[in-house]
Amino acid sequence: MRESVWAIGSKYYVNGEPHNITIAEIQSFDPVEVREKLDRYAEGNDDTDFRHYVKAFVKANRAHKNEIVHEACEFIVEASKGYPDENLVVSFSGGKDSTVTADLAVRALSNPYLVHIFGDTTLEFPSTIEYAERFRSSHPLAVFKTTKNYEQSFYDVAEEIGPPARMMRWCCSMFKTGPISRAFKGLFGDQPILTFYGIRKGESVSRSKYNRIEDSAESVKIQRQKVAAPIFYWNDIDVWLYILAEGVDFNDAYRLGYERVGCWCCPNNNPRAQFLSQIYMPEESEKWHTFLVDFARRIGKPDPEVYVDTGKWKARQGGNGVTAASSVQVDASHCATEDNAMIFSLERPFSEELVGLFTPIGDYAPDLGRKLLDERLFVDPRTSEPVIAVMPFIQPGYEHAVKVRILRDSDSETLLRQAKYQVVKYNACRQCLKCESLCRFGAITITGDGYRIDPAKCAHCKQCVTDKYLEGGCLMRKYLKTKDE
């Protein structure tokens, strides 16, 4: 009898027959014992029988495969019109969807020289790094660029602001989209680019709301690009049909039972993925578990082990119990001597970095403002009308403070809100790189030396000071806001 196992969701298909394994059952297994059995039976555990089923699967679905591939290739060709070949990019994650997208793009465009961007989040499965190297070796003509955040450590950031959670995945911006955005800036400057993504409509509720071609600021994380999804309407089984029918090499993590191969400790991973990591990545899993328990204890959870083992840490929202939360709690008071002026608390002294953060609101006018008070004035870039002024201020109860004076009454409420957003950035910035990715003009640069906005590049689009595009004006505001605010 031929033996074959295929895993999807909570089901295992053994010789075509579905078998449910509940979360409780998975968590009842001893990963050490499972690992020992895998080692014991490794010699006799091959995929000979599985390959037999694959042949039958491919043969039965050949016409369907040809149809969806033809449609996807036509889409790629049409979407690429108007872009030079060197401005076409494949977003390569090492997962099955991006692998298929990369193969289709090269095939449809007959162009083996396409730029491939691989974002190494530093939290990749070992097999993902291995596969990326294999892919690079087997595609020697492709421009293969690996990006990484070399300036920060995931554990150091998590120690300061808490681990990422489902609704608070600060790691994505800091360790993936931010570094990729920087790579785009270095490779393409201000030129428009088209990126082929391996996203699919059926993957999640959020992705079901995307368009197949997208460039809206609300949907595209890196603003300097337009994204296109060739396999947007494909099902999971369509992806595997293509891989198996075309003999495409793929990430070995799938052979181990993982459904997705993003960051191995992602809060979106299901319990089965966590269990698999205990088997195949025991040291990393133990380190992560210990970190989570220590964090739960630090923020005052009554039973830290239960909090972690039941996955409640994944539902964490805000910075309750986190010391760093104080940095987003900006105190504000009305100025007693001037109307339309507010005093905002600062975590550090008034500086030129803070002054520069007001660039999106207006053009700095060095010849205006009250010099004796070190007041800086900004004007409307179209009319040269004064709109806002900032200056250092001494306020009882605040170690450091800035006074913001609104000079245009017609939109004083908006200007004050935007001013507060910039003060929050100044106080709370952890170099998450979201603002860099959001700026399509490349005006924002964030390093250990501070947050800089180049006045020559800033187009005053105000996306970086608009709640619609950046909730609360700063991602740290969202991640560190507490219940008592």
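Quick caveat, the model's predicted, so the values are computed rather than measured. (Residues numbered from 1 in each chain as written. Predicted model: local features only at pLDDT ≥ 70, side-chain atom pairs only at ≥ 80, totals over all residues. Heavy atoms only, no water.)

Student: Explain the overall build of the chain here, please?
Tutor: Helix and strand counts for the chain stand at 16 helices and 17 strands. Its C-alpha atoms give the chain principal-axis dimensions of roughly 90 × 60 × 35 Å. The proportion of buried residues among the 485 residues of the chain is 48%. Sequence-distant contacts, at least 24 apart, represent 67% of the contacts inside the chain between residues at least 6 apart. Put simply, the chain shows about 24,000 Å² of open surface, and 51% of that area lies on carbon and sulfur atoms. For the chain, the distance from the average site of its 62 positive side-chain charges to the average site of its 68 negative ones is 3 Å. (Helix = DSSP H or I, 4+ residues; strand = E, 2+ residues; numbered from the N terminus. Buried < 20%, exposed > 50% of the residue type's maximum accessible area, 1.4 Å probe, protein only. Contact = heavy atoms within 4.5 Å. Areas by Shrake-Rupley, 256 points an atom, 1.4 Å probe, with all protein chains shown as cover. Lys, Arg positive; Asp, Glu negative; His and termini not counted. Charge placed at Lys NZ, Arg CZ, Asp CG, Glu CD.)

Student: What should I look at first to understand the sheet that holds strand β11 (residues 341-346) in this one?
Tutor: The pairing of strands in a sheet comes from backbone hydrogen bonds and takes either a parallel or an antiparallel form. The antiparallel open sheet is built from six strands, whose spatial order is β10-β11-β15-β14-β13-β12. Unpaired on one side and paired on the other, β10 (332-334) and β12 (363-364) mark the two borders of the sheet. With six bridges connecting them, strand β14 (residues 386-393) and strand β15 (residues 400-406) associate as antiparallel partners. The residue of β15 that forms the bridge with Val390 is Val404. Sheet strands touched by helix α14 (residues 412-428): β11, β14 and β15. Its angle to β11, the strand with the most contacts, is close to 15 degrees. (Pairing = 2+ DSSP bridges. Axes fitted to C-alpha atoms, helices over the stretch in contact; angles between N-to-C directions.)

Student: Would you take a moment to explain the pattern of salt bridges for this structure?
Tutor: Should the charged atoms of two oppositely charged side chains come close, the side chains can pair. Tallied over the full model, the rule gives 31 salt bridges. One salt bridge in this structure joins Arg212 and Glu71, with 2.7 Å as the shortest N-O distance. Here Glu71 lies in helix α4 (residues 62-80) and Arg212 lies in the loop between β7 (193-196) and β8 (213-214), a separation of 141 residues in the sequence. When the shortest N-O distance is used, the salt bridge between Asp236 and Arg200 registers 3.4 Å. Of this pair, Asp236 sits in helix α9 (residues 236-246) while Arg200 sits in the loop between β7 and β8, and the two are 36 residues apart along the sequence. Under the relative-accessibility criterion, Asp236 is labelled partly exposed at 28%. For Arg200, a relative accessible area of 6% gives the class buried. (Salt bridge = Lys/Arg side-chain N within 4 Å of Asp/Glu carboxyl O.)

Student: Would you mind showing me how to read the environment of Ala443 here?
Tutor: Within the secondary structure layout, Ala443 lies in the loop between α15 (434-438) and β16 (444-447). Judged by its relative accessible area of 3%, Ala443 is buried. When the C-alpha positions of Ala443 and Pro360 are compared, they lie 9.8 Å apart, and in sequence the two are 83 residues distant. Beyond its immediate chain neighbours, meaning those up to four positions away, Ala443 contacts Arg452, Ile453, Asp454, Lys457 and Cys458.

Student: What exactly am I supposed to notice about a nonpolar patch on the surface here?
Tutor: A grouping of Leu38, Leu256 and Tyr280 is seen on the molecular surface, where their side chains present a nonpolar patch of about 220 Å² in accessible area. Take Leu38: it is sitting in helix α2 (residues 31-40). (Patch = residues over 30% accessible without salt bridge, like charges linked within 9 Å, V, L, I, M, F, W, Y side chains within 5 Å.)

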